[in-house]
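Notes for the structure review
Listed here are the chains, written in short residue letters.
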Amino acid sequence: MQKITPFLWFNGQAEQAAKFYASIFPKSKIRRVTRYGDAGPGPTGSVMTVEFEIAGQKFIALNGDSQFKFNESVSFMVHCKTQSEVDRYWKKLTAGGGKEVACGWLKDKYGLCWQIVPTVLLELISSKDAAKSQRAMRAMMNMVKLDIAKLKQAYRGDTKTKSTRK
């Protein structure tokens, strides 16, 4: 059993959100749906919790109410090997009302925050060459969706623009 399970509070959309996430990531599935009984507090038979996995990570979604909302202080980082992977997750997670934020961050249509990060970024910004590392960091800070080619270009100090990605 997984030692720690993220527990997410939704305003009546737990099942829809779990299905949305499971449709985006490989190795994902809905494991169990629990419904409210006569004791409540939700209407009898309505969804109380949804246990699901995305990319092999277990989560639980609760149908609460509008009392609590997601915010940027908690996010999920998606490590991407290629630009096409960055682009795919970015498109799917912003679909249907999601919002682009900055520096590889987005907020999906349920208000949950995600970081769509190319694995190479972590290598570039942790370089022992401080000048290269800082150039990559400055480039990242000026992007919305991260662009691997532009990050590498900045790291190298190449000022020619080769990519037109957002």
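As a reminder, the structure under discussion sits directly above these lines.
Criteria and thresholds
- Residues numbered from 1 in each chain as written.
- Predicted model: local features only at pLDDT ≥ 70, side-chain atom pairs only at ≥ 80, totals over all residues.
- Heavy atoms only, no water.
- Phe/Tyr/Trp six-rings, centres within 6.5 Å; stacked < 30°, edge-to-face > 60°.
- Helix = DSSP H or I, 4+ residues; strand = E, 2+ residues; numbered from the N terminus.
- Buried < 20%, exposed > 50% of the residue type's maximum accessible area, 1.4 Å probe, protein only.
- Lys NZ or Arg CZ within 6 Å of the ring centre and 35° of its normal.
- Contact = heavy atoms within 4.5 Å.
- Axes fitted to C-alpha atoms, helices over the stretch in contact; angles between N-to-C directions.
- Parallel < 35°, antiparallel > 145°, perpendicular 65-115°, else oblique.
- Left-handed = near helix turned anticlockwise from the far one by under 90°.
- Nonpolar A, V, L, I, M, F, W, Y, C, P; charged D, E, K, R; others polar.

Attention shifts here to the packing of aromatic side chains. In this structure the tally under the stated criterion is 13 aromatic pairs. Judged by centre distance (5.5 Å) and plane angle (55°), the rings of Tyr-21 and Trp-114 are tilted. Residue Tyr-21 is located in helix H1 (residues 14–24), and its partner Trp-114 is located in strand E8 (residues 113–118); the two are separated by 93 residues in the primary sequence. Accessibility classification places Tyr-21 together with Trp-114 in one group, the buried group. By the ring-pair criterion, three or more aromatic residues cluster together here, those being Phe-10, Phe-20, Tyr-21, Phe-25, Phe-52, Phe-59, Phe-70, Phe-76, Tyr-89, Tyr-110 and Trp-114. Of note, Arg-88 hangs over the ring of Tyr-89, and the distance from its end group to the ring centre comes to 5.2 Å. Its end group placed over the ring of Phe-20, Lys-109 keeps NZ or CZ at 4.5 Å from the ring centre.

Further remarks concern H1. Every α-helix carries 3.6 residues per turn, so stepping three or four residues along brings you back to the same face. Of the positions making up H1, those classed as buried are Ala-14, Ala-17, Ala-18, Phe-20, Tyr-21, Ala-22 and Ile-24. Here the buried face of H1 lies against strand E1 (7–10), strand E2 (29–35), strand E3 (47–54), strand E4 (57–63), helix H2 (83–94) and E8.

This paragraph deals with the packing of H1 against H2. Put simply, H1 and H2 touch, their axes get as near as 10 Å, and they point 160° apart. It follows from the interaxial angle that H1 and H2 lie roughly antiparallel. Pair H1 / H2 crosses with right-handed handedness. The segment H1 lies against H2, with Phe-20, Tyr-21 and Ile-24 engaging Tyr-89, Lys-92 and Leu-93. In terms of residue class, the contact of H1 with H2 is made up of five nonpolar, no polar and one charged.

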